[in-house]
Amino acid sequence: MSTTLPASSAADTPAPNDTPLVGIIMGSQSDLKTMSAAAELLRQFGVTYEITLVSAHRTPHRLVEYAETARKRGLRVIIAGGGGAAHLPGMVASFTTLPVIGVPINSVTSIHGLDSILSMLQMPAGVPVATVALDGAANAAVLATQMLALTNARLADVLEKYRTSLKDKVMRTIEELRKGGFSDD
Ligand code: AIR
C-alpha cells in the first residue's frame, strides 16, 4: 500500500500479500486533499490500495501505462479524480475493462466543478465511468468496496458495520438534540 506521492512507476510490483486492489489516481497534487478521503476510508475498511498522480494531459503516456497494466498488477477497481477538463477517468476506462469510478473535483480553475462532472458523466455507450458526487471521494471508496464485497464476505461484513455506524451517528445526534430541548415529535 503506497500513500507517498509521487509514487513509483505504475509497473512496480508490490509484495504479493499487500497487492493493491484499488488504484487511486488523480490529475494533480492539488487534488490530493479531496482524494485522500478515499484513501482514508479504504484504509479503515482494510482494503489495499495504491495512490499516485496521473494526468491525462500532462502525462498521457503514464496514463496509458497505468491503465494497460492495471489488471495484471492485481488492481480490481480504479478510482480516478480530476478537476476542470477531467479526462482522466474516461481515458483510463478506455484502456482497461476494470471498473472506473470518477471523482469530479471542484478545483480552483474549474467552472464550479461542472466541467469536471460533465467530462466524467457523459461518457459514450460502452465505456462507462461510475461518476460520484462533486468532491465525493469517500463515496468512491464505498462504491469500490461494494464492488470488491461481491466476492469478499469480510468486506460485505465491514460494509454492514459501516452502514450501522452511519445510522448510530444520526441516532446519537438526535438524542443530543433532544437533551438540548429539540422536539421531533
Ligand atoms: N488536471 C490535471 N491534468 C489534467 C487535468 N484535468 C486537473 C487536475 C486539477 C486541475 O487540473 O486534476 O484538478 C488543476 O491542476 P493544477 O496542477 O493546476 O492544480
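Note that the coordinates shown come from a computational prediction; the quantities given were computed from them, not determined experimentally. (Residues numbered from 1 in each chain as written. Predicted model: local features only at pLDDT ≥ 70, side-chain atom pairs only at ≥ 80, totals over all residues.)

A short note on the overall build of the protein
Scanning the protein for helices and strands turns up six helices and five strands. Listed N to C, the secondary structure of the protein is β-α-β-α-β-α-β-α-β-α-α in terms of helices and strands. Expressed as lengths along the three principal axes of its C-alpha atoms, the size of the protein is roughly 60 × 40 × 35 Å. Going through the 185 residues of the protein one by one, you find that 37% of them count as buried. For the protein, contacts bridging at least 24 residues in sequence account for 71% of all contacts bridging at least 6. (Helix = DSSP H or I, 4+ residues; strand = E, 2+ residues; numbered from the N terminus. Buried ≥ 20, exposed ≤ 12 C-beta atoms within 10 Å, placed from the backbone. Contact = placed C-beta atoms within 7 Å.)

Structural notes on the site of the ligand
In the region of the ligand, 17 residues are neighbours, and G27, S28, S30, G83 and S107 sit closest. Split by residue class, the shell around the ligand holds five nonpolar, 10 polar and two charged. (Near = placed C-beta within 6 Å. Nonpolar A, V, L, I, M, F, W, Y, C, P; charged D, E, K, R; others polar.)

Re the nonpolar core
Counting residues in hydrophobic clusters, the biggest one holds 44 residues, and the most contacted among them are V22, A38 and I79. Sort the elements by how many residues they give to this core and helix α1 (residues 32-45) lands first, with six residues. (Core = buried A, V, L, I, M, F, W, Y, C linked by C-beta atoms within 7 Å.)

Section: the sheet that holds strand β2 (residues 49-53)
Here five strands make up an open sheet; going across it, the order is β2-β1-β3-β4-β5 and the pairing parallel. The outermost strands of the open sheet, each flanked by one partner alone, are β2 and β5 (130-131). Strands in contact with helix α3 (residues 88-95) are β1 (22-26), β3 (77-83) and β4 (100-105); relative to β3, the strand with the most contacts, it is inclined by about 150°. Across the face of the sheet, helix α4 (residues 114-121) comes into contact with β3, β4 and β5 while running at roughly 165° to β4. (Pairing = 2+ DSSP bridges. Axes fitted to C-alpha atoms, helices over the stretch in contact; angles between N-to-C directions.)

Structural notes on the domain arrangement of the protein
Accessible area lost upon the coming together of the parts is a frequently used measure of interface size. Looking at the assigned domains, one finds that the protein contains domain 1 (2-151) and domain 2 (153-185). When each unit is reduced to the centre of its C-alpha atoms, the spacing between domain 1 and domain 2 is 30 Å. Between domain 1 and domain 2, the residue contacts involve six residues of the former and four residues of the latter. With four residues, the top contributor of residues to the side of domain 1 that touches domain 2 is helix α5 (residues 137-149). Considered class by class, the residues forming the side of domain 1 that touches domain 2 number three nonpolar, three polar and no charged. (Domains from an automatic or database assignment.)

Overview of the UniProt feature "binding site: substrate" (unreviewed entry) in the protein
In the numbering adopted here, UniProt assigns the feature "binding site: substrate" (unreviewed entry) to S28, D31 and R58. Examined against the element boundaries, S28 turns out to sit in the loop between β1 and α1. Residue contacts for S28: discarding those within four places in its chain leaves L53 and S55. By secondary structure assignment, the location of D31 is in the loop between β1 and α1. Beyond its immediate chain neighbours, meaning those up to four positions away, D31 contacts M26, G81, G82, G83, I105 and S107. (UniProt positions renumbered as here; feature names shortened; annotations may be inferred.)

Some points on the pairing of β4
Among the six residues in β4, six count as buried, and that is most of the element. Both faces of β4 are covered, namely the face carrying V100, G102 and P104 and the face carrying I101, V103 and I105. Sheet topology places β3 next to β4; six bridges connect them, and they run parallel. The partner of I79 across the bridge, within β4, is I101. Considered for its hand, the β-α-β crossover made up of β3, α3 and β4 is right-handed. (Right-handed = clockwise from strand over helix to strand, strands pointing away.)

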